[in-house]
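Spelled out, the chains give:
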Amino acid sequence: MAKSTTTSAKAGTTGTPKTVKVTPKSTVKPAKATAAVTPDPVVVEESRPDMAAPAMRKKELVDAVVSRSGVKPRYVKPAVDALLSEIGAAIAEGRDLNLPGLGKVKVQRHKKLANGDVYVTRIRQPKARPAGPTGPDAGAETGAGKDPKDPLAEAAE
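Bear in mind that the values here come from a model prediction, so they are computed numbers and not experimental data. (Residues numbered from 1 in each chain as written. Predicted model: local features only at pLDDT ≥ 70, side-chain atom pairs only at ≥ 80, totals over all residues. Heavy atoms only, no water.)

**Things to note about the overall build of the protein chain**
For the protein chain, the count of helices and strands is 2 helices and 5 strands. From first element to last, N terminus to C terminus, the protein chain shows the α and β order β-β-α-α-β-β-β. Counting all 157 residues of the protein chain, 7% fall into the buried class. Across the protein chain, every contact between residues at least 6 apart in sequence was considered, and the portion connecting residues at least 24 apart equals 6%. Accessible area for the protein chain stands at about 14,900 Å²; split by element, carbon and sulfur atoms hold 56% of it. (Helix = DSSP H or I, 4+ residues; strand = E, 2+ residues; numbered from the N terminus. Buried < 20%, exposed > 50% of the residue type's maximum accessible area, 1.4 Å probe, protein only. Contact = heavy atoms within 4.5 Å. Areas by Shrake-Rupley, 256 points an atom, 1.4 Å probe, with all protein chains shown as cover.)

See below:
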């Protein structure tokens, strides 16, 4: 409720007294207090993979391809060199790569520096498929437990 008070005009002036509305401080409503307590903020950190193993070098990659494929190292090394050169050239052009086994590589940002270029990429790998064949021909001529789309051919006996 507003309280009305009457004051007289200033000395030396003529006129009728002025009416001023004064609101007492006790009637001002304070901000509503909420009954629910707000939870403490949670700091969310970016998830980063655990880097337990050191980075793979080209020699290790060549050795892994040799052991997985059974091809001699003198034939694998030039193929790996050519593959890495082509992937590097495609990324430098800003092209996306869709490579089964690796995943889809998309260039997000590119920054030129004095000593080289920095490419920020995103790699999306599909979830691993369940072990064993799937579909209507499961188990037929592929052998139980073999993946029909295995990239490596079986060795002839």
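**What to know about a nonpolar patch on the surface**
A cluster of nonpolar side chains, Leu113, Val118 and Val120, forms an exposed patch at the surface whose accessible area comes to about 200 Å². Assignment of secondary structure puts Leu113 in strand S4 (residues 103-113). (Patch = residues over 30% accessible without salt bridge, like charges linked within 9 Å, V, L, I, M, F, W, Y side chains within 5 Å. Salt bridge = Lys/Arg side-chain N within 4 Å of Asp/Glu carboxyl O.)

**Looking at the sheet that holds S4**
The antiparallel open sheet is built from 3 strands, whose spatial order is S3-S4-S5. In this open sheet, the two edge strands, each paired with only one partner strand, are strand S3 (97-99) and strand S5 (116-124). On average, adjacent strands in this sheet sit at an angle of 30° to one another, irrespective of strand direction. Where S3 and S4 come together, 3 bridges link them in antiparallel fashion. Looking at S4, one finds that Leu97 is bridged to Val105. Against the sheet, helix H2 (residues 73-92) contacts S3, S4 and S5, and its axis sits at roughly 145° relative to S3. (Pairing = 2+ DSSP bridges. Axes fitted to C-alpha atoms, helices over the stretch in contact; angles between N-to-C directions.)

**A closer look at the pattern of salt bridges**
Tallied over the entire structure, the rule returns 4 salt bridges. Across the pair Asp81 and Lys58 runs a salt bridge, and its minimum N-O distance is 2.7 Å. Residue Asp81 is found in helix H2, and its partner Lys58 is found in helix H1 (residues 58-69); the two are separated by 23 residues along the sequence. The partner of Asp81 in a salt bridge is Lys77, with the nearest N and O atoms 3.2 Å apart. Taken as a pair, Asp81 and Lys77 lie in helix H2 at a separation of 4 residues, close to a single helical turn. Owing to a relative accessible area of 24%, Asp81 belongs among the partly exposed residues under this scheme.

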